[in-house]
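# Close look at the chain arrangement
In case you want the letters, here they are:
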Amino acid sequence: MNYYGAVTADVSQREIKNAALSRAAAEEGFVLLKNEQVLPLQTRKIALFGMGARKTTAFGEGSGSVAPRYTVSVEQGLKNAGCDIVSAAWLDDYDREFDETYEAYRQMVEEKIAGIANPIAQIPEAHKYKYRYPSGRLINEADTADHGAAAVYVLMRQAGECTDRKNEPGDFQLTQIEKDNLSFLADHYDSLTLVINVGGLIDLSILDEVKGIGAVVYIGQPGMEAGNAVAEVLLGQNNFSGKLADSWPNNYSEIPNGDTFSYMNGNLDQEFYSEGMYVGYRYYDAFRKQPRFPFGYGLSYTSFQLNVKEVVLNEDEVLASVSVSNTGNIYAGKEVVQMYLSVPGDTVRRSLCAFTKTDLIQTGCSAAVQLSFHLNGQAVYDESKAAWVLPAGDYVISIGSDSASAEDTAIITVHDTVIVRQCRNACVPTSPLDEMKAPKTNPSVCSKDLPRLDLDSSAIRPEVAVYEVPDAAVSSHCREVIDQLSEDDLIELVRGGDVQKEVPGQLLILGAGGKTAITLLDKGIFNIAISDGPAGINIMPEVIYRPDGSQKTARMPEKYNWGKMRMMAGRLVGHEGVHVYRYATAWPTDSLMANTWNTQLLEQVGKAIGDEMNEFGITLWLAPAMNIHRNPLCGRNFEYYSEDPLVSGKMAAALTRGVQSHPGIGTVIKHFCCNNQEDNRAYVDSVVSERTLRELYLKGFEIALKEGNPKSLMTSYNKLNGIYSGNRPDLMTDIVRCEWGYQGLTMTDWDTRYNAAVSIHAGVDLTMPGSAQDAQQVHEAHDSHTLDEAGLKRSAARVLDLILNSQTAAQN
């Protein structure tokens, strides 16, 4: 019998190998934001403070969480590295305060959910109430008696699914206690390092108020090996090479959509994307403002010099050759080379168009790298023409180590406006959106002679999108099976297998987010298992296979330990039978992975995740998640990569290629699209202009689908310009199928509020997690001919083809 796991409690070689890779990935994503000769630490005597010292958060909450065998706190990691922690009294007091406040929080949540009859429904409701970690007590003279120590303060925040963060002390802002403690430490120690253990951004105005904070390190949420990774970089055993995948604002007030985001203006029904394209560095560039730390920024223990050797234009492909030299004399290091392109127009619009990360460069040595991009991929969308165009004018290429320091290196002249792809308008707002306008500027005058390259317009081969619904790209065997199935059978295929059902013979992986149809086993159509992500495989870590063939969890995970489920623990937990261990790796969250700027590393991680999927019987992994970081208060930003679609798309494609290097398994790119807030996510209407939608919020998905070819694409909960995303044929068919040529499976997110039959008509194949209501909706639409037979068969065929080509099929 295949137990899909280990029958021994011993740590496996796979766990050891993947933990080491998780640690390496975390270290490569850590960003050194400030260093006034404080790091690396010169002593192993550490005065350690802050809520994240012992309560280090390795990942976020909700579906993006994981249940690893262990996680390493910053305190434990420093101890493992041989450090002496001299602040135990403060840390012990913090633990006592945490225990008291968490118990009060638990009682409050239990009271809130007590009136909900369904035990399953109590769980997501409980998760809406976020625990606010205490700041700890004020640090006093007794805590700082050992002045020979180096002070390290770990500032931590937690966030998760269903709720957005708050622009208030204890969340985006620091509490007064945190400010007072940092000021006290700055006065009492020559060496003070601020470590930021947050899955997104946080207000760092404290750096303006307290001058003694000599070093600032952003560690995000680093996965299970968090503390070990932190210790290695703080002590100089490894170098920093991470770069910010987001612009860090000076304060929340300068964010262009700050006053209207989510709950901020009291309107949770409509979210107007009135900032348009001006998100992150695009805003700072266009409005000539300086963030606290620019997009692409990150320091190192060494220094680098970039020398652009050549920029050439080969038809429409731009190739740049750059020499990167390590000019330091102690540390080897890696550098990220970034290339930006300014497109001519009324306002300066500069976008990242290519990037690469070097291998490790020894001191005094150099490495040659190449960056390239195609000009047709930098076209802008002209709503009036419904076309992607390259406007006539000068395109300025700049290259550097971050968005602020990139220097102009070449100019490409496009003499006449060129249409790159002719489309038709899609997802247009019902009424014009009043978008903010950047001030008009005069064309920049270069202070040096730059190479000038002329584009031969014949090098651009215009495309014309053909809007014909493509048939499912499936095998002939799959078509034969589909033609033999009844209407009822087809409808079963296009709805999920319902996470609450169990039938003999099904593939059941406890804790997996869902499964395909389990009612067709007698037809020879088995189900596949689907797991949540993206910080790892999110399943029950210990399972009991009982003598009667049923399964029970060996212990109740904390995330389910609420309400009636908590009281039912005795019945839900098994004791007698075969004990199976399924400990998955907890990887750094996507927001930290993006800071690595290392697509090769992401492929390695993807391959390792694929190994675990095969071991645990998982066919589809609900990851990566890649919504744009539109605002730092989005509760789920830790699951998403960046404010930039190129970084998001490239990272998602790389991770997907790694996972799918294993036959029969795949990723599910999510959440498509404009799921940029958590409050009221199932009902909110994201109102966004067509150009902004296509250039900013869809572009990353397009890159991921074309370069990664994931097995599946998941829709989002929200409406898009008045219509639910999964109910829009112009989004799910016209853009995804006809313009992008995607042939894989599309599915809904879990328990969306839209009609399953309308979704199939729009081009969504599978409704998850699957319910009797979903089936009824499809039946009624099919019987009334509002859903045709061809559409139903097309979606069913894509589901079946994925099942027949899964690793589960190979084992049956």
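Because the structure is a prediction, the values reported are computed rather than measured. (Residues numbered from 1 in each chain as written. Predicted model: local features only at pLDDT ≥ 70, side-chain atom pairs only at ≥ 80, totals over all residues. Heavy atoms only, no water.)

Further remarks concern the sheet that holds strand 24 (residues 578–581). As summarised here, the arrangement of the three strands in space is 23-22-24, forming an open sheet in which the pairing is antiparallel. This sheet does not close on itself; its edge strands, each paired only once, are strand 23 (551–553) and strand 24. Across this sheet, the average inter-strand angle for adjacent strands is 30°, counted without regard to direction. Examined bridge by bridge, strand 22 (residues 542–545) and strand 24 share four bridges and lie antiparallel to one another. Each residue of the ladder has a partner; that of Glu542, found in strand 24, is Tyr581. (Pairing = 2+ DSSP bridges. Helix = DSSP H or I, 4+ residues; strand = E, 2+ residues; numbered from the N terminus. Axes fitted to C-alpha atoms, helices over the stretch in contact; angles between N-to-C directions.)

The next thing to look at is the side chain of Gln338. Structurally, the position occupied by Gln338 is in strand 10 (residues 336–343). A polar contact is formed between the side chain of Gln338 and the side chain of Tyr340, at a distance of 2.6 Å. A distance of 2.7 Å separates the side chain of Gln338 from the backbone oxygen of Ser401, its partner in a polar contact. (Polar contact = N/O pair within 3.5 Å; in protein donor to acceptor, adjacent residues only side chain to side chain.)

This next bit is on the packing of aromatic side chains. One pass over the structure, following the stated rule, counts 29 aromatic pairs. Consider the rings of Phe49 and Trp90, whose centres lie 5.6 Å apart with planes at 80°: the pair is edge-to-face. In this pair, Phe49 sits in strand 2 (residues 45–49) while Trp90 sits in helix 3 (residues 88–113), placing the two residues 41 residues apart along the sequence. Note on accessibility: Phe49 and Trp90 belong to one class, buried. Residues Phe172 and Tyr252 carry aromatic rings whose centres are separated by 5.6 Å and whose planes lie at 70° to one another, so their mutual orientation is edge-to-face. Placement of the pair is Phe172 in the loop between strand 4 (150–156) and helix 5 (176–188) and Tyr252 in the loop between helix 7 (226–234) and strand 7 (270–272), with a sequence separation of 80 residues. Per residue, the accessibility class of Phe172 equals that of Tyr252, and both read buried. Counting every residue linked through ring pairs, the aromatic cluster contains Phe98, Tyr102, Tyr105, Tyr131, Tyr133 and Trp562. (Phe/Tyr/Trp six-rings, centres within 6.5 Å; stacked < 30°, edge-to-face > 60°. Buried < 20%, exposed > 50% of the residue type's maximum accessible area, 1.4 Å probe, protein only.)

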